[in-house]
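Coordinate analysis (summary)
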Amino acid sequence: MEHPENDEAYKGLAVNKGVGPVTTINPYLQRKRFARRKMSAADYVEGILKGDTSILGQAVTLVESTHPDHHAMAQEVIEKCLPYSGNSVRIGISGVPGAGKSTSIDEFGIHVLKEHGGKLAVLAIDPSSERSKGSILGDKTRMEKLSVHPDSFIRPSPSAGSLGGVARKTRETIVLCEAAGYDKIFVETVGVGQSETACHSMVDFFLLIQLAGTGDELQGIKRGIMEMADGIVINKCDGNNVEKCQMAATSFRNALHFFPKPESGWLPKVLTYSGFYGLGIKEIWDMVYEYFAFVKDNGYFAYRRNEQAKYWMYETINEQLRQSFYENPTIVERMTAEERGVLDGKKTSFVAAKELLDTYFALLH
Ligand code: GDP
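A quick note: this is a predicted structure, and the numbers were derived from the prediction, not measured.

Let us look at the site of the ligand. Taken together, 15 residues sit near the ligand, with Gly98, Lys101, Thr103, Arg142 and Asp238 positioned nearest. Here an oxygen atom of the ligand and a backbone polar atom of Gly98 are 2.8 Å apart. In this structure, Phe276 approaches the ligand through a main-chain N or O atom, which is 2.9 Å from an oxygen atom. Relative to its unbound accessible surface of 570 Å², the ligand loses 69% to contact with the protein. Its residues assigned to classes, the shell around the ligand comprises four nonpolar, seven polar and four charged.

As structure tokens, this is what we get:
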């Protein structure tokens, strides 16, 4: 049967004519753009030290920029912020997509801010951010409670040419956040090894979120990642999944027995929780803070930070040397011909590499 509303006589749903597009916008705006005064490095630093989140956000954008002018300014800002940084706890949080990272970070963040006060910054290292030109990690919409919390600052993963580049920028952003008074830093990451290593190299505690029944605990697939973890937490321990999670926890504990004793002297713990239902969150953070007390007491906390500083010095050298080589116009010009030579079997890879390197070094003289 025809719906009564389709009847002409039915007047319940009057459709009014809409308003057409306006012909002019505010002429004042058209004539005069908002001229924002160009900020100096000192302006950025002043804003950051005051804890101004808008200026902090702009400074992070500066750090992430690939423009050479921005690069110099960013380095100046970072250097000036350095004396005010370091006074924080940095926690890396990793897990496969779907492990429940964002749900958990939302809960973790609210818990930590409530129990320990201070301010929290959530940053991210996403190895796929270059390919996708965007990152799902550290996305505000994924963390509903934290994103509206006045003491939190959430920043998605930077996108840069390489994972090393992404990680370095995240590390520099940590400095800025700390100078702005963020004394708790979460670094979220995902991946199958490399990004976890990068994350591990800038945090004090590395938390690995696992799921039950993926077989990782039995096959030791991600052994390298497990070895980096200071704590392993099994998520989604709720409903009829509880027993499976507890069994997985036992398997992980058993697997950890076969790993060499960590340098920190801390034996990683395995806990179960439910990020969605907020169960077992307190136990996780009691563990993390117990770890901090333990490693601050035995000196490992400071030792690890020093080692990381050294690691990043070498990483930066490596990255800049590589960049300087690959972006050199003469090298760029010759690269294709050398590559062709190798592909056509006219030259060995080593000879071609040596020729390019010799060309590069000769240019430096
Ligand atoms: P991410 O990709 O690691 O950030 O994972 P999400 O936080 O987006 O979570 C992936 C899916 O798992 C979502 O549908 C969540 O609702 C669900 N999830 C997250 N935590 C839990 C939990 O503790 N229990 C249950 N049952 N589901 C959860």
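Let's shift gears to the pairing of strand S6 (residues 231-234). Burial along S6 is two-sided: Gly231 and Val233 facing one way and Ile232 and Ile234 facing the other are all buried. The pairing of strand S5 (residues 205-210) with S6 spans four bridges and is classified as parallel. Following the sheet pairing, Ile209 is matched in S6 by Val233. Relative to strand S7 (residues 269-272), S6 is paired through four bridges, and the arrangement is parallel. Opposite Ile234, over in S7, you have Thr272 as the bridge partner.

With that settled, the discussion passes to the packing of aromatic side chains. The description of an aromatic ring pair uses the distance of the two centres, along with the angle that the planes make with each other. Tallied over the entire structure, the rule returns 17 aromatic pairs. Between Phe108 and Trp285 the ring centres are 5.4 Å apart and the planes differ by 65°, which places this aromatic pair in the edge-to-face class. In this pair, Phe108 is assigned in helix H5 (residues 101-116) and Trp285 in helix H13 (residues 281-298), connecting sequence segments 177 residues apart. Residues Trp266 and Tyr291 carry aromatic rings whose centres are separated by 5.3 Å and whose planes lie at 85° to one another, so their mutual orientation is edge-to-face. Of this pair, Trp266 sits in the loop between helix H12 (242-257) and S7 while Tyr291 is found in helix H13, placing the two residues 25 residues apart along the sequence.

Right, let's get into the nonpolar core. Of all hydrophobic cores here, the largest spans 54 residues; its most connected members are Ile48, Leu56, Val77 and Leu176. With seven residues, the top contributor of residues to this core is helix H8 (residues 163-179). Leaving out residues up to four positions away in the same chain, Leu56 has contacts with Ile48, Phe153, Leu176, Cys177, Ala180 and Tyr182. In terms of nonpolar packing, the next biggest core, distinct from the first, is built from 31 residues, Ile154, Ile209, Leu211 and Phe301 among them.

What follows deals with the environment of Ile232. Among the secondary structure elements, Ile232 is positioned in strand S6. Since its relative accessible area comes to 0%, Ile232 is described here as buried. Taking the C-alpha atoms as reference points, Ile232 and Thr272, 40 residues apart in sequence, are found 8.6 Å from one another. Setting aside residues no more than four positions away along its own chain, Ile232 makes contact with Leu208, Gln210, Met226, Phe252, Leu256, Lys269, Val270 and Leu271.

Contact geometry of helix H4 (residues 68-81) with H8 gives a least axis separation of 9 Å together with a crossing angle of 45°. As judged from the angle between their axes, H4 and H8 are oblique. The two elements H4 and H8 cross, and the hand of that crossing is left-handed. Contacts between H4 and H8 involve His71, Gln75, Val77, Ile78 and Cys81 from the first element and Arg168, Glu172, Val175, Leu176 and Ala179 from the second. For the contact of H4 with H8, the per-class residue count stands at six nonpolar, two polar and two charged.

Taken together, the side chains of Met313, Tyr314, Ile317 and Leu321 present a nonpolar region at the surface, about 410 Å² in accessible area. With relative accessibility at 44%, the residue Met313 sits in the partly exposed group.

Moving on: helix H16 (residues 349-364). Compared with an ideal rise of 1.5 Å per residue, which puts 16 residues at 22 Å, H16 spans 23 Å between its outermost C-alpha atoms and is within 8% of the ideal. Along H16, the positions that sit buried rather than exposed are Ala352, Leu356, Thr359 and Tyr360. Down the axis of H16, the buried set is contained in an arc of 95°. They therefore lie on one face. Exposed residues lying more than 90 degrees from the buried face of H16 are Phe350, Lys354 and Leu364. Looking at the buried residues of H16, the elements they touch are helix H14 (300-326) and helix H15 (329-343).

Looking now at the sheet that holds S5. Pairing in this open sheet of seven strands is parallel, and the strands run S3-S2-S4-S1-S5-S6-S7 from one edge to the other. This sheet does not close on itself; its edge strands, each paired only once, are strand S3 (152-154) and S7. Adjacent strand axes in the sheet meet at a mean angle of 20° when their direction is disregarded. Note: strand S1 (residues 89-94) against strand S4 (residues 184-189), six bridges, orientation parallel. Bridge pairing links Ser94 to Thr189 in S4.

About the thresholds
- Residues numbered from 1 in each chain as written.
- Predicted model: local features only at pLDDT ≥ 70, side-chain atom pairs only at ≥ 80, totals over all residues.
- Heavy atoms only, no water.
- Near = heavy atom within 4 Å.
- Polar contact = N/O pair within 3.5 Å; in protein donor to acceptor, adjacent residues only side chain to side chain.
- Areas by Shrake-Rupley, 256 points an atom, 1.4 Å probe, with all protein chains shown as cover.
- Nonpolar A, V, L, I, M, F, W, Y, C, P; charged D, E, K, R; others polar.
- Buried < 20%, exposed > 50% of the residue type's maximum accessible area, 1.4 Å probe, protein only.
- Helix = DSSP H or I, 4+ residues; strand = E, 2+ residues; numbered from the N terminus.
- Pairing = 2+ DSSP bridges.
- Phe/Tyr/Trp six-rings, centres within 6.5 Å; stacked < 30°, edge-to-face > 60°.
- Core = buried A, V, L, I, M, F, W, Y, C linked by side-chain atoms within 4.5 Å.
- Contact = heavy atoms within 4.5 Å.
- Axes fitted to C-alpha atoms, helices over the stretch in contact; angles between N-to-C directions.
- Parallel < 35°, antiparallel > 145°, perpendicular 65-115°, else oblique.
- Left-handed = near helix turned anticlockwise from the far one by under 90°.
- Patch = residues over 30% accessible without salt bridge, like charges linked within 9 Å, V, L, I, M, F, W, Y side chains within 5 Å.
- Salt bridge = Lys/Arg side-chain N within 4 Å of Asp/Glu carboxyl O.
- Expected span 1.5 Å × (residues − 1).
- Arc of directions from axis to C-beta.

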